There are 2 protein chains.
Amino acid sequence: MPDTPNKPETTTTHLQLAADDVTPLRKIPPLDQSFPRSAKITVSDLAVPMRQIDLDGGEPSITVYDTTGPQGVDPREGLPKRRAEWIEARREQAEADGNWSQMHFARKGVITPEMRFCAIRENVEPEFVRSEVARGRAIIPANINHPELEPMIIGRNFLVKINANIGNSAVSSSIEEEVEKLQWSTRWGADTVMDLSTGDNIHETREWIVRNAAVPIGTVPIYQALEKVKGKAEDLNIDVFMDTLVEQAEQGVDYFTIHAGVLLRYIPLTAKRVTGIVSRGGSILAKWCLAHHQENFLYTHFERICELMKKYDVSFSLGDGLRPGSIADANDEAQFAELRTLGELTKIAWKHDVQVMIEGPGHVPMHKIQENMTEQLEHCHEAPFYTLGPLTTDIAPGYDHITSAIGAAMIGSQGCAMLCYVTPKEHLGLPDRQDVKDGVIAYKIAAHAADLAKGHPGAQDRDDALSKARFEFRWRDQFNLSLDPETAKDFHDQTLPADPAKTAHFCSMCGPHFCSMKLTQDVRDMEASGELAEIEQGMREKATEFREGGGELYVEPGAAE
Amino acid sequence: MPDTPNKPETTTTHLQLAADDVTPLRKIPPLDQSFPRSAKITVSDLAVPMRQIDLDGGEPSITVYDTTGPQGVDPREGLPKRRAEWIEARREQAEADGNWSQMHFARKGVITPEMRFCAIRENVEPEFVRSEVARGRAIIPANINHPELEPMIIGRNFLVKINANIGNSAVSSSIEEEVEKLQWSTRWGADTVMDLSTGDNIHETREWIVRNAAVPIGTVPIYQALEKVKGKAEDLNIDVFMDTLVEQAEQGVDYFTIHAGVLLRYIPLTAKRVTGIVSRGGSILAKWCLAHHQENFLYTHFERICELMKKYDVSFSLGDGLRPGSIADANDEAQFAELRTLGELTKIAWKHDVQVMIEGPGHVPMHKIQENMTEQLEHCHEAPFYTLGPLTTDIAPGYDHITSAIGAAMIGSQGCAMLCYVTPKEHLGLPDRQDVKDGVIAYKIAAHAADLAKGHPGAQDRDDALSKARFEFRWRDQFNLSLDPETAKDFHDQTLPADPAKTAHFCSMCGPHFCSMKLTQDVRDMEASGELAEIEQGMREKATEFREGGGELYVEPGAAE
């Protein structure tokens, strides 16, 4: 393992060679087709990207958080390396300390450009970002070999984030499709993307993804380690695993899911479950432990892994290998025993100034969700929680983006920092482009609903602007302010295709002759003219007369029983 | 208004005449295409319908609640009049008392066939149904002129129900489409259906719907009353309204939305709202009140309305005409003032033994949902709550079935008795057949998630059966146990079309070479053989040695700070 990581340039050649196999690349539609009247703008000397939505009727434009990344770049070239200078500027210090992590700098009181970048995105003070990262309550996943990254922060005192999973498998998908899913998922709002590839070309696929990702990329390295030992879990060992970590850290992966909490003594706790162990990583390690009658090597060599992580500033996403795979198995001892172990490991990682988030379930009925958040906060010392859903029922395969958006919104409102999306294909197959979009939109809804519930400053501005546009029949503004303007407009067109309808002061629900919005305008006019006050006063008297005059409508409590 | 309502037979002629205009009727697919390996069965002398799902692998079949109604009936003929005899059997008593309502009989200690029918559907004692109806905590909407009805109960101590809205408007849709939407929405699980037609043929459309409905039908009579005065709200009066109620009660409508809580003095409270008054009924009455400077005639003549309701056993759905239409307007004084008035009116209706449920919002952020449920329980004396969503954010037009399924699941778990669906077309247009299905499925998910959270007896059986099928790779069982087997199977086919894949012990997510489900089977085999116990014991010792031998992984609290 080199002491000073290679420069990402070395990988570019690789990327270009690969291109020969995958031309022509498919293209996703231009940004302004997905978001009419939106413009990408940049803020401050750090060129923080945002999307500005222009409105009609003299309304001020609305600026929203933007994850779409640089547009129109040839995937063979990869994105501009915007962080290269920031990283070089602190190389001397980092190498002297043997630690590149944002947490390390935060704890030394340094506010990095990455921290300032996140502060601008979240509309908070840079010092607040630094202090949250320093205490481990938030992380900025940012591998120094991923200079293309637009830094973002994950923590419960910031906007709730969402992750989209992509990746090919032994039976499906190509590199070109995965790059497209990366672009497509960030187009709709994915804050991070995990490459869960398990099939062929696993290294090359990841290279293409990282070089074209403006968002943090996460992986589950045990998948590739398993490929290296030809799928035989019992042949795994810490050296093969460390080699895999180095390979992926060199490529620029920003966070690793590491299932170091799957302890041998917890495995028997899963034997009576309805769905046993459903985490792939968890079951790989469980199999290894049982085959060798030894403790999980990721647990016994955890400090060695920490030493590697800090050299690249790769963040831990401590995996929940024993998460429940069904409502029946939710919140059982296997799950919570592992969670407590993840809490111990968090303390160890923090000893090395390595950033940590904690993965969570899975399948959990609504009444058991709060307990997950409470246990995680208590045992994992407020390290950010990152949950898959949770799905709130098992009976709707084909609609698990909805069964899980319910649980995701709830746990997000309770303090979960990032929500891993679930697509309609969950349990059934690999998501295609439409599934990825459906999953991302459902999770943007869950995350935003949670931000509203948490009272996040400014979160409601977009709701208010859209509702005002709705009330004033500014149809195009209503569409353009929505998460998916194209779909909103298409739905409106299905009933009222005519272009005038886009400015009409009625809709297909009530038709032109009667409209409740119109009535409200009358009420406002009457209020403005003072007429309403008169009526109100007059009616208070009338109402009193009415009640006194035998028109008694009030009954004593209990009279109806 | 006749003292003894006509028999429904009289309407059949009307229906057949109408048929000439609408042939040929479109057909929805046969039941077994939507639900493979399901059989409709009936239970007890009352022939209570249920759907039995047969499974492979010697698993016991699962029986689920069934709303699909009699199949294969020509809509021109209408459904069999299964309740006719039950109704006739109590005619003498009802006419003697001048009261046909289920609440009236319940309070006299009588368990009607309708109550027994509901008890069997809900798997509870008939006496429990009677007592809940008697105290007003549950209702059985069942107009005596709707003998085609399969009775169902709405109350927070029963399964959470969902309503689907259909109905044409001035700008869209035909009778034939509405009958199809009725059949389609109940196919997927709608427990009640509201006909919100506002356009032409409003009477005829409703006739076709009621005669073909095995579920309760609700309407908002003010819409038709408004048509009778040519859309001029100020021309409305109690007599036109009462005529409309008689007309619809004669047809067999089971519940009426009545906006009697929109009081003149509450109207000014809406002037400062972002979206004012968004309820059509609410704005019609607000307009009338302002035009006449008089109190809402539905409020001042409420007892007269009660007298009519009890002659047909039409239930009140007291409308929330001042519900919020945006996140910004949620839980404001206009909304809660009206809610308290609906509580007063509930007491008056109960004085007449008339059944009542209370309508609720609308648009409410997650952190304000519980307050709605708490206020409703307190001020409306536990009358069933029936909410529209609520939508938890305004920013996702085109996806409001999801923004609202989140709120619906939450308020359902808190005690809301029925959830009015929202389709993806909400705010944008009238739902087509696919939108109706998408809305119903999203709400079946919300209602079931709520039933699980409430710990409803047996609610989890279907989840457990499906998860067991998933774990055992019984793909067909997994599909057939789901809310939408066709979609689940189609999604699976997209990645693994081959028929063998339906019995394959792997899926497209991990592929054939590594499967976590397989590992769990190994764990179970080892447990069965006692091998696991040995390992466990051995490992406890190893783990101890390890910790004692310097492999210390535990750090003192605070050590990482």
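Residues numbered from 1 in each chain as written. Chains lettered and ligands numbered in written order. Predicted model: local features only at pLDDT ≥ 70, side-chain atom pairs only at ≥ 80, totals over all residues. Heavy atoms only, no water.

Section: the interface of chain B and chain A
Okay, step 1: Listed by partner, the interface residues are 128 residues for chain B and 131 residues for chain A.
Okay, step 2: Buried surface at the junction of chain B and chain A, summed over both partners, amounts to about 11,300 Å²; 69% is from carbon and sulfur atoms.
Okay, step 3: Viewed at the interface, chain A and chain B are joined by zero salt bridges.
Okay, step 4: Counting across the chain B and chain A interface gives 14 residue pairs in polar contact (both at pLDDT 80 or more).
Okay, step 5: A total of 10 residues in the side of chain B that touches chain A trace back to one element, the largest contributor, which is helix α18 (residues 433-453) of chain B. (Contact = heavy atoms within 4.5 Å. Buried area = accessible area lost by both parts, 1.4 Å probe. Salt bridge = Lys/Arg side-chain N within 4 Å of Asp/Glu carboxyl O. Polar contact = N/O pair within 3.5 Å; in protein donor to acceptor, adjacent residues only side chain to side chain. Helix = DSSP H or I, 4+ residues; strand = E, 2+ residues; numbered from the N terminus.)

Digging into the relation of the copies chain B and chain A
Okay, step 1: Mapping chain B onto chain A calls for a screw motion: a turn of 180° about the axis and a shift of 0.0 Å along it, with 0.0 Å RMSD after fitting. Taken together, the rotation angle and the small translation identify this as a two-fold axis. Within chain B, Ile406(B) has its C-alpha nearest the rotation axis, a separation of 2.3 Å.
Okay, step 2: Counting the interface residues of chain B, we find that 100% of their copies in chain A are interface residues as well, pointing to one common contact surface. (Least-squares fit on C-alpha atoms with pLDDT ≥ 70 in both.)

Remarks on the state of the cysteines
Residue and element names in this part refer to chain B.
Okay, step 1: Under the definition given, this model contains zero disulfides over all chains.
Okay, step 2: Here Cys289 stays unpaired: no disulfide links it, and the sulfur of Cys306, its closest cysteine neighbor, is 18 Å away.
Okay, step 3: This cysteine, Cys416, is not joined by any disulfide, and Cys420 carries the nearest cysteine sulfur, 10 Å off. (Disulfide = S-S within 2.5 Å.)

What to know about the sheet that holds strand β6 (residues 161-166) of chain B
Residues and elements named next belong to chain B.
Okay, step 1: Overall, parallel pairing links the eight strands, which are arranged β6-β7-β8-β9-β10-β11-β12-β13 in a closed barrel. Strand-to-strand twist across the sheet, computed as the mean angle between neighbouring axes with direction ignored, equals 25°.
Okay, step 2: Where strand β9 (residues 255-258) meets strand β10 (residues 315-318), four bridges bridge the pair, whose relative direction is parallel. Residue pairing in the sheet places Phe256 in a bridge with Phe316 of β10.
Okay, step 3: Running over the sheet, helix α9 (residues 202-211) touches β6, β7 (192-195) and β8 (217-219) and is turned about 155° from β8. (Pairing = 2+ DSSP bridges. Axes fitted to C-alpha atoms, helices over the stretch in contact; angles between N-to-C directions.)

Comments concerning the UniProt feature "domain: ThiC-associated" (unreviewed entry) in chain A
Okay, step 1: In this numbering, the UniProt entry assigns the feature "domain: ThiC-associated" (unreviewed entry) to residues 35-92 of chain A.
Okay, step 2: The span residues 35-92 of chain A shows a helical share of 14% and a strand share of 28%, and its end C-alpha atoms are spaced 43 Å apart. (UniProt positions renumbered as here; feature names shortened; annotations may be inferred.)

Re the packing of aromatic side chains
Residues and elements named next belong to chain A.
Okay, step 1: Enumeration over the complete set of coordinates arrives at 20 aromatic pairs over all chains.
Okay, step 2: On the numbers, 5.5 Å between centres and 45° between planes, the contact of Phe128 with Phe158 is tilted. Residue Phe128 is located in helix α7 (residues 126-134), and its partner Phe158 is located in the loop between β5 (154-155) and β6 (161-166); the two are separated by 30 residues in the primary sequence.
Okay, step 3: Among the residues examined, Phe128 registers a relative accessible area of 29% and is labelled partly exposed.
Okay, step 4: In textbook terms, an aromatic cluster arises when at least three aromatic residues are bridged by ring pairs, as seen for Phe35, Trp184 and Trp188.
Okay, step 5: A cation sits over an aromatic face here: Arg90 above Phe105, 5.6 Å from the ring centre.
Okay, step 6: Seen from the ring of Trp188, Lys437 lies directly overhead, with NZ or CZ sitting 4.1 Å from the centre. (Phe/Tyr/Trp six-rings, centres within 6.5 Å; stacked < 30°, edge-to-face > 60°. Buried < 20%, exposed > 50% of the residue type's maximum accessible area, 1.4 Å probe, protein only. Lys NZ or Arg CZ within 6 Å of the ring centre and 35° of its normal.)

Re unusual backbone geometry
Okay, step 1: For the bond running from Pro361(A) to Gly362(A), omega is 10°, close enough to zero to count as cis.
Okay, step 2: Checked against the element boundaries, Gly362(A) lands in the loop between β11 (356-360) and α16 (369-379).
Okay, step 3: Although it is not a glycine, Arg37(A) sits at a positive phi angle of roughly 60°.
Okay, step 4: Structurally, Arg37(A) can be placed in the loop between α2 (31-34) and β1 (38-43).
Okay, step 5: The phi dihedral of His427(B) is positive, around 75°, even though this residue is not glycine.
Okay, step 6: Its location among the elements puts His427(B) in the loop between β13 (418-420) and α18.
Okay, step 7: Classification of His427(B) as buried rests on a relative accessible area of 14%.

Section: the side chain of Asp329(B)
Residue and element names in this part refer to chain B.
Okay, step 1: Among the secondary structure elements, Asp329 is positioned in the loop between β10 and α15 (333-351).
Okay, step 2: Although buried, Asp329 forms no salt bridge, and the nearest oppositely charged side chain, Arg273, lies 4.5 Å from it.
Okay, step 3: A polar contact of 2.8 Å, which involves the side chain of Asp329, links it to the side chain of Thr275.
Okay, step 4: For Asp329, the residues in contact, after removing those within four places along its chain, are Arg273, Val274, Thr275, Gly276 and Pro324. (Lys, Arg positive; Asp, Glu negative; His and termini not counted.)

Quick notes on the nonpolar core
Okay, step 1: Judged by nonpolar contacts, the single largest core of 287 residues is most densely connected at Phe241(A), Phe316(A), Leu419(A), Phe241(B), Phe316(B) and Leu419(B).
Okay, step 2: If you look at the next biggest cluster of nonpolar residues, it comprises eight residues, including Ile62(A), Ala465(A), Leu466(A) and Ala469(A). (Core = buried A, V, L, I, M, F, W, Y, C linked by side-chain atoms within 4.5 Å.)

Looking at helix α14 (residues 302-312) of chain B
All names here are of chain B.
Okay, step 1: For α14, the tally of buried residues reaches eight of 11 residues, placing the bulk of the element in the interior.
Okay, step 2: Looking only at α14, the buried set comprises Phe302, Ile305, Cys306, Leu308, Met309, Lys310, Lys311 and Tyr312.
Okay, step 3: Looking at the buried positions of α14, the neighbouring elements they touch are α11 (238-251), β9, α13 (297-300), β10 and α15.
Okay, step 4: Remark: Asp313 follows α14 within two positions and exhibits a positive phi of approximately 55°.

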